[in-house]
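Take a look at the letters that make up each chain.
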Amino acid sequence: MTAPGKSPSPPPAPEEFGDPGTLAARLAVKQRAGGIVIPILTVVFALVISIAVVAATQHSVHTSLVAFKEIFDGAGLNWIAHPTTNLQNLAAYNLSQTLLQTSTLILTGLSVAFAFRCGMFNIGGQGQYFVGLIVANWLGVSFAGMSPLPHILIAMVGGTLAAAAYAGIAGVLKATVGAHEVITTIMLNWIAFWTVSWLIGAGGPLQNSTDPTNPVSNQVAPSARLPDFWGAQGFQGVHIGLFVALACVVVFWILISRTTLGYEVRAVGFNPDAAAYGGINVKKNFIRAMAISGAFAGLAGVIDMLGGATNYQYGQLDVPFSQVGFIGIAVALLGRNTALGTLLAAILFGGLLYGSFHGLGSSSVIDPTLASNIPYIVQGLIVLFIGADVLLMSVWGSRKKLRWRSSKPAGASA
Amino acid sequence: MSTWAERLDNPVSARLRDPAATGYLGIILGAFAAFLAIPPIEARTITWPILVGIVAAALGIWTVTRGRRRLGWGAVAAGLVGIGLGILATHSSTTNLSSAFDSTLVAQTLGFATPLVFAAMGGMFSERSGVVNIGLEGMMLMGAFWGVYGADKGGNWVVGLLVAMAVGGLFALVYAFFAIQLRADQIVGGTAINFLAVGITGFFFIQLYNNNPIPNGVSLLPNVNIPGLSGSLGQAIGDLNILTWAGFVLVLVAYVVLFKTAIGLRIRACGEHPRAADTVGIDVYAIRYACVVLSGVLAAVGGIYLSEGPQGNGTFLFDMTNGRGFIALAAVIFGNWRPFGAFGAALLFGFSSALALKLQVYSQSAGTLFNILPYVLTLIAVAGVIGRTVPPAADGQPYAKQ
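From a predicted model like this one, the values you see are computed outputs, not experimental measurements.

Enquirer: Could you clarify how one ought to interpret the overall build of chain A in this entry?
Expert: Secondary structure assignment for chain A yields 16 helices and 2 strands. The proportion of buried residues among the 414 residues of chain A is 55%. Restricting to contacts in chain A with at least 6 residues of sequence separation, those with at least 24 account for 73%.

Right under this line is the structure:
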């Protein structure tokens, strides 16, 4: 693509560079390798540092290694060695809970990734998640007594569309007045947070009708609950939200790689000026991409609500409540904004989150409440390193690429 | 558009005809319309708020016809909102009114605004030098924890303050290294900083205090008691925290440094056009490093107010900043990247928090909803409905030396 003589946009992601000639071919190979290598290096880096931090504070490398082994087991990944379908087996139960968290994180990750592909940073997954959650709750509580399939569909579609519209506000503001989506989505996050707090708070319109002293929403009617496909009596099972999330991975891939919409979105993300020059309506794509991004995040809230939670209470869901949208950023970045990468990163973070708190409930070496902070540290380190692939590339030894990149003029100041 | 200085040079009559002046007057009158119905004036008829509100709206329309459309519509809106609030206030009971609107509201507003002022000044320096800092939240959180830890172990709030500033500065240095030296995406880096802060403070809080609360009797940030002030003035400003007063000074200093000194000019040059700044011999990296570290130090001071100030009372809670760093960021944007603008925005946001607390005498749920005001206002501000906010031109763009 050739840009018209306008000011160049900020440098696109490394894999988008493509100069003709043998240099480009060599780089393409390296970047494809880097596409896998950098995330893996990042995770290894972050884990090593976290293990070192725990080792330093506990004064024992052994304790630290045991603690991380227990996180691994706590996530239910030792199930692979002894597979069983009986949820009363601890490993199977832990794995089922990790899968529940993973489903949510897949969707919030896809949300961030989709906006990224259009060159936007949707930091508002949290707010869109809340909107999806509360609308699904409202629809799930209303229409009680409907037959299950239409009721579930109404609640899902309603919650998803509401979140899409909510995210669309940021898209419209970017398209019409050029307001930066990072700022608008941060504001929309907190607007959603306080609005939902008001809705379910004491005297709020969606507060539960039986116990007015408790800031809790009503229970979703049984007809709107997502059925479990793997579960046992008395245990929280894995609901079909997991398949919804997996289906969305496929939908994401098809949308991005196999449709005109995805082509336009990627073109705008690559270079808005060039896309406009090529006849693509950039503003329309900003709005569209933001709305689709919001739909993914909203769907995460919907399946959390109709699946395990069924009512809303602050801090009540398994995934640390105020954070799933933000963790989606880490998931998308680690997954390099691709469908498959997001899926893998979501599994990693889902396991880390569940394994380090609930899975460690019986740990002998480390206080579970202490360990519950480890995911934040790992996640922070991962995001920090993934944003600075220059550092990791230099570690990897790609000096050539490093020099090539730093010789590029940066930003509009060029 | 003429500058304030030029406008002030004009004769009074010309100034009154200036559509900008009438627009601002309309907005002020609109606010005054609501103010009339609450203590201490507390007009019990709806006549006065309506009259003043109509005048405000009329001034707004006059301003619109003179070409300052955004300002004019802002004044019209202010007038109408003023009428609405005034009517609401005259319909509620006087006891509720006087418990919600007394002079402690001023003290509470200043109290809520103090952490925002510090973090916003920090964010402003960082952004003026061209580095977006959405890690303010995390830097505040670090200040909140390490400040109270320092005060606990050091036995003195001064130690706590120094520890908070040092940790905040070091933490910001990490961010600066990634954002400036490695030219990482600044939004991604800031997000990482926020995650890290939650993890680090949560981890060490449990590590160092064994899951127990921080013991009582930690030396707190003292209040400044002004003797001789009594009555409502004494209630309003007679017993403010030392950091609240320091915040006032900071705003003045920030203004002078940023707009009246050579250093401030260099900072702004780095934020507007780093290549040009580099060409004339300014060390862009050094300036940006200094500004980001300063933002960490100031945000940490804002954070220590939360744990060591009058509301925190020497305790730390998991993720206790609860979005205040983002409100501070909003204040920077709403204040158009200017010290007094950001200060005004911080006061406004502090006022809305204080009012959210006070309005619970009417209805708890309505008070909760009032918390969205800062965010809605900022959204409106960036949308450019009333005036337009313009960020520094190179804000958020990494700079590569040549």
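Enquirer: Mind showing me how you'd approach the overall build of chain B here?
Expert: Across its full length, chain B carries 19 helices and 2 strands. Pairs at least 24 apart in sequence give 74% of the contacts found in chain B among residues at least 6 apart.

Enquirer: Help me understand the interface of chain A and chain B in this model?
Expert: It is common to give the size of an interface as the accessible area that goes away when the parts come together. The partner chain B presents 46 residues to the 43 residues of chain A that form the contact. It is helix α6 (residues 181-200) of chain A that contributes the most residues to the side of chain A that touches chain B, 11 residues altogether. Per-class residue counts for the side of chain A that touches chain B are 27 nonpolar, 15 polar and 1 charged.

Enquirer: Would you mind showing me how to read helix α10 (residues 186-209) of chain B here?
Expert: Residues spaced three or four apart along an α-helix face the same direction, because each turn holds 3.6 residues. Residue and element names in this part refer to chain B. For α10, which comprises 24 residues, the first-to-last C-alpha distance of 34 Å matches the rise-based estimate of 34 Å (1.5 Å per residue) to within 8%. Counting buried positions along α10 yields 19 of 24 residues, so the element is predominantly enclosed. Positive phi appears at Asn210, one or two residues downstream of α10, with a value of about 50°.

Enquirer: Before we go on, may I ask you to explain unusual backbone geometry in this structure?
Expert: Most of the time, phi is negative for any residue but glycine, and the peptide bond is trans. All names here are of chain B. A positive phi angle, close to 55°, is found at Arg183, a residue other than glycine. By secondary structure assignment, the location of Arg183 is in the loop between α9 (157-181) and α10. The phi angle at Trp337 is positive, at roughly 60°, despite the residue not being glycine. With respect to the secondary-structure elements, Trp337 resides in the loop between α16 (324-334) and α17 (339-358).

Enquirer: Would you mind showing me how to read the packing of helix α4 (residues 125-141) of chain A against helix α11 (residues 324-334) of chain A here?
Expert: Helix-helix packing: each pair is described by the crossing angle between the helix axes and the interaxial distance. Residues and elements named next belong to chain A. Packing of α4 against α11 leaves a shortest axis separation of 6 Å and a crossing angle of 130°. Of the possible angle classes, the one that applies to α4 and α11 is oblique. In the packing of α4 onto α11, the handedness of the crossing is right-handed. When α4 is examined against α11, the residues Gly125, Gln126, Gln128 and Tyr129 are found in contact with a partner set consisting of Val324, Gly325, Phe326 and Gly328. Grouping the amino acids of the contact of α4 with α11 by side-chain chemistry returns 3 nonpolar, 5 polar and no charged.

Enquirer: I tried to follow α11 of chain A on my own but got confused; where do I start?
Expert: Residues and elements named next belong to chain A. A large share of α11 lies buried, amounting to 11 of its 11 residues. Listing the buried residues of α11 in full gives Val324, Gly325, Phe326, Ile327, Gly328, Ile329, Ala330, Val331, Ala332, Leu333 and Leu334. At the exit of α11 stands Arg336, carrying a positive phi of roughly 50°.

Enquirer: Would you take a moment to explain the nonpolar core for this structure?
Expert: The nonpolar side chains of soluble globular proteins are, as a tendency, buried together. Grouped together as the largest cluster of nonpolar side chains are 227 residues, with contacts concentrated most on Ala120, Met121, Ala300 and Ala331 of chain B. Aside from chain neighbours lying at most four places away, what touches Ala300 of chain B is Met139, Met140, Met142, Gly143, Gly147, Ala164, Met165, Val167 and Gly168 of chain B.

Enquirer: Teacher, can you tell me more about the confidence of the model for chain A here?
Expert: Detailed reading of the predicted coordinates is not advisable wherever pLDDT falls low. All names here are of chain A. Overall, the prediction assigns chain A a mean pLDDT of 79, with 79% of residues at 70 or greater. Here helix α16 (residues 399-406) stands out as the least confident element of chain A, with mean pLDDT 48; helix α7 (residues 241-258) is the most confident, with 94. Overall, residues 1-31 carries pLDDT values under 50, and its contacts beyond four positions in sequence, including any with other chains, amount to 34 contacts. Predicted confidence for residues 408-414 stays below pLDDT 50, and this span has 23 contacts to residues more than four positions away or in other chains.

Enquirer: Which parts of the structure should I look at to understand the environment of Leu136 of chain B?
Expert: Residue and element names in this part refer to chain B. Structurally, Leu136 can be placed in helix α8 (residues 136-154). Taking the C-beta count within 10 Å as the criterion, Leu136 has 32 such neighbours and is therefore assigned buried. Among residues more than four places away in sequence, those in contact with Leu136 are Ala119, Gly122, Gly123, Ala299, Gly325, Ala328 and Leu329.

Enquirer: Help me understand the confidence of the model for chain B, please; the structure alone is not making it clear to me.
Expert: Scored by pLDDT, chain B has a mean of 83; 88% of the residues are at 70 or more. The complex prediction reports pTM at 0.81, with the ipTM value standing at 0.79.

Enquirer: What's the story with the packing of helix α3 (residues 90-117) of chain A against α7 of chain A in this structure? I'm lost.
Expert: Residue and element names in this part refer to chain A. Two elements in contact, α3 and α7, have axes separated by 8 Å at closest approach and are oriented at 20°. In terms of orientation, α3 lies roughly parallel with respect to α7. Both α3 and α7 take part in a crossing whose hand is left-handed. Between α3 and α7, the residues in contact are Leu99, Ser103, Ile106, Leu107, Leu110, Phe114 and Arg117 and Gly241, Leu242, Ala245, Cys248, Val249, Phe252 and Ile256, respectively.

Enquirer: For this particular structure, what's the right way to read the environment of Leu141 of chain B?
Expert: Residues and elements named next belong to chain B. Locating Leu141 in the fold gives a position in helix α8. When the C-alpha positions of Leu141 and Ala197 are compared, they lie 6.4 Å apart, and in sequence the two are 56 residues distant. Other than its neighbours up to four places away in sequence, Leu141 contacts Ala197, Val198, Thr201, Gly303, Asp319 and Thr321.

About the cut-offs
Residues numbered from 1 in each chain as written. Chains lettered and ligands numbered in written order. Predicted model: local features only at pLDDT ≥ 70, side-chain atom pairs only at ≥ 80, totals over all residues. Helix = DSSP H or I, 4+ residues; strand = E, 2+ residues; numbered from the N terminus. Buried ≥ 20, exposed ≤ 12 C-beta atoms within 10 Å, placed from the backbone. Contact = placed C-beta atoms within 7 Å. Nonpolar A, V, L, I, M, F, W, Y, C, P; charged D, E, K, R; others polar. Expected span 1.5 Å × (residues − 1). Axes fitted to C-alpha atoms, helices over the stretch in contact; angles between N-to-C directions. Parallel < 35°, antiparallel > 145°, perpendicular 65-115°, else oblique. Left-handed = near helix turned anticlockwise from the far one by under 90°. Core = buried A, V, L, I, M, F, W, Y, C linked by C-beta atoms within 7 Å. pLDDT = per-residue confidence, 0-100.

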